[in-house]
Amino acid sequence: MEELTIAGCWVHCRRRFDEALKLVPKSYQKESNAFLLMKQIQAIYREEGKLNDLSSDERLKQRQVVIKPLVDAFFTYLKTINVSKKDKFGDAIGYALNQEKYLRVFLNDGDVPMDNNASERAIRGFCIGKKNWEVIDTINGAKTSAVIYSIAETAKANNLKPYEYFEHLLTVIPEHMEDTDHSFLEELLPWSPALPENIRK
């Protein structure tokens, strides 16, 4: 089995500081630690946003040069703050410190995003339609549904038209039902350059 690495989500981290900041009277917000930490996270996001169009390797280099010092400063400052864990700000500090190892993962891999926003967007349609899935009342039905949705979302992530992609799969796969060599499947993967142009967005 391939070894997995857990990456933290900076949106979840930022949300806790935002909730803590809302409890600070407006006249004192800009002087609060919560405000300063929010600004530091904002700076990390601003610099990360400049790397969207870079290759994975270039993004990794820039993260090490530009973003890592910002992340280091964030956690260094975090560790100087003494707070009670009973309030929102203390909870935000505790969460960030407990997640530090995971929140730093994106710094060491150009393909790892800072947050899981893209994943959450990808499954939103499925979650919104969950009432529709109540008719799936068997394990096999649930597994089949999961496979179909995984294929559809992977197609979208690779800029394919899901309907046309399924149509292509259901046309090509039956032609190989008697094959013992399954290498033809490589050309059907959503990122394959062999896929026909009409299924690409």
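Refer to the structure printed above.
In what follows, the accompanying structure is described. It should be emphasised that the depicted structure is a prediction, and the values quoted were computed from it without experimental measurement.

1. Some thoughts on the packing of helix α1 (residues 10–22) against helix α2 (residues 33–49)
Between α1 and α2, the least distance of the axes is 9 Å, while the angle of their chain directions is 150 degrees. Here α2 runs roughly antiparallel to α1, going by the angle between their axes. For the crossing formed where α1 meets α2, the hand is left-handed. When α1 is examined against α2, the residues W10, V11, C13, R14, F17, D18 and L21 are found in contact with a partner set consisting of A34, F35, L37, M38, I41, I44 and Y45. Class assignment for the residues of the contact of α1 with α2 results in 12 nonpolar, no polar and two charged.

2. Quick look at the state of the cysteines
The final tally for this structure, using the stated rule, is zero disulfides. Left without a disulfide partner, C9 is nearest to the cysteine sulfur of C13, which lies 9.0 Å away.

3. Some remarks on the packing of aromatic side chains
Counted under the stated rule, the structure contains six aromatic pairs. Pairing F17 with F74 gives two aromatic rings, centres 6.1 Å apart and planes at 85 degrees, and the pair type is edge-to-face. Of the two residues, F17 is situated in helix α1 and F74 in helix α3 (residues 56–78); the sequence distance between them amounts to 57 residues. There is no split in this pair, since F17 and F74 are both buried. Grouped by ring-pair contacts, the aromatic residues W10, F17, F74, F75, F89 and F106 constitute a single cluster. Seen from the ring of Y45, R14 lies directly overhead, with NZ or CZ sitting 4.6 Å from the centre.

4. Quick look at the pattern of salt bridges
All chains considered together, the criterion is met by 12 salt bridges. Its salt-bridge partner being K61, residue E58 comes within 3.7 Å of it at the nearest N-O pair. A residue pair is termed a helical-turn pair when its members lie 3 or 4 positions apart in one helix, as E58 and K61 do in helix α3 at three residues. Residue E58 is classed as partly exposed on the basis of its relative accessible area, which comes to 34%. Several salt bridges share partner residues, and in doing so they unite K68, D72, K79, E100 and R104 into one network.

Criteria and cut-off values
Residues numbered from 1 in each chain as written. Predicted model: local features only at pLDDT ≥ 70, side-chain atom pairs only at ≥ 80, totals over all residues. Heavy atoms only, no water. Axes fitted to C-alpha atoms, helices over the stretch in contact; angles between N-to-C directions. Helix = DSSP H or I, 4+ residues; strand = E, 2+ residues; numbered from the N terminus. Parallel < 35°, antiparallel > 145°, perpendicular 65-115°, else oblique. Left-handed = near helix turned anticlockwise from the far one by under 90°. Contact = heavy atoms within 4.5 Å. Nonpolar A, V, L, I, M, F, W, Y, C, P; charged D, E, K, R; others polar. Disulfide = S-S within 2.5 Å. Phe/Tyr/Trp six-rings, centres within 6.5 Å; stacked < 30°, edge-to-face > 60°. Buried < 20%, exposed > 50% of the residue type's maximum accessible area, 1.4 Å probe, protein only. Lys NZ or Arg CZ within 6 Å of the ring centre and 35° of its normal. Salt bridge = Lys/Arg side-chain N within 4 Å of Asp/Glu carboxyl O.

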